[in-house]
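So you can see what is in the structure, the chains are spelled out below.
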Amino acid sequence: NAVFDLQNRNLTATGATFSNDGTLKLIGSQTITGLTPMDTNSGTVNYNGTGTYLSLVAGNNYYHVTFSGAGSSYSCGANSINVYGNFTLSAGIFISTSLTLTIAGDWDDTGGTFEHNSGTVEFTKAVGTQTLTTQETFNNIIHSGAGTLQLAAGVSNWYNSSWNYRRPITITGSTSDLTNYQIR
């Protein structure tokens, strides 16, 4: 799979359809115009900057999205974000939306810091198993997909106040105490 690394360059496309079968690497400070909607059927957008970014320059819809910039801070503000594949946070800080971050694939947060921003994370995988790998705290979790949400081994500190349980969940290799937490 090819990697298209913009480094710190801007990108303007006119009358083009963007198809991402590889990885689009962004720092986060670029100006990107003409690539909406983003390809939500394939490919990865990798934010790898080292600064503070107050928005996601590639928009609010992704297939796979990765945050890998050491020392970085990415903020979504008040925009709903849709990830139709996997969400990976391997370095830096990801400040989620104050609305809903929807994830259809796996969640892998093993190297960065997730800040929930009082928002909701909704897991929506339609078929099969959706794996949640994290030690972060979520504000509100919704599991609305028809698939199974599985907590990876060692996951224990993943809920804060409200968890909207609507489908099967499997806890493997971990113990989670749901005392005093409302499961709806």
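Above this text is the structure in question.
My aim in this report is to walk through the structure given alongside it, one point at a time.

What counts, and at which threshold
Residues numbered from 1 in each chain as written. Predicted model: local features only at pLDDT ≥ 70, side-chain atom pairs only at ≥ 80, totals over all residues. Heavy atoms only, no water. Core = buried A, V, L, I, M, F, W, Y, C linked by side-chain atoms within 4.5 Å. Buried < 20%, exposed > 50% of the residue type's maximum accessible area, 1.4 Å probe, protein only. Helix = DSSP H or I, 4+ residues; strand = E, 2+ residues; numbered from the N terminus. Contact = heavy atoms within 4.5 Å.

**Quick word on the nonpolar core**
At step 1: The biggest cluster of nonpolar side chains holds 36 residues, and the ones touching the most others in it are Leu26, Tyr47, Phe67, Phe87, Phe94, Leu101 and Trp107.
At step 2: Elements that contribute at least two residues to this core include exactly β3 (23–26), β5 (44–47), β8 (64–67), β10 (81–83), β11 (87–89), β13 (100–103), β16 (120–123) and β19 (148–151).
At step 3: When residues no more than four places from it in sequence are discounted, the contact partners of Phe94 are Phe67, Tyr74, Cys76, Phe87, Leu89, Leu101, Thr113, Phe114 and Glu115.

**Some remarks on unusual backbone geometry**
At step 1: Unlike most non-glycine residues, Gln7 shows phi in positive territory, near 50°.
At step 2: Position of Gln7 relative to the elements: it lies in the loop between β1 (3–5) and β2 (11–12).
At step 3: By relative accessible area, which is 42% here, Gln7 ends up partly exposed.
At step 4: At Ser118, a position not held by glycine, the phi torsion is positive, near 60°.

**Structural notes on the environment of Thr66**
At step 1: By the secondary structure assignment, Thr66 is in strand β8.
At step 2: For the pair Thr66 and Asn46, spaced 20 residues apart in sequence, the C-alpha separation works out to 4.6 Å.
At step 3: With near-sequence residues (within four places) excluded, Thr66 lies in contact with Thr44, Val45, Asn46, Tyr47, Thr88 and Ser90.

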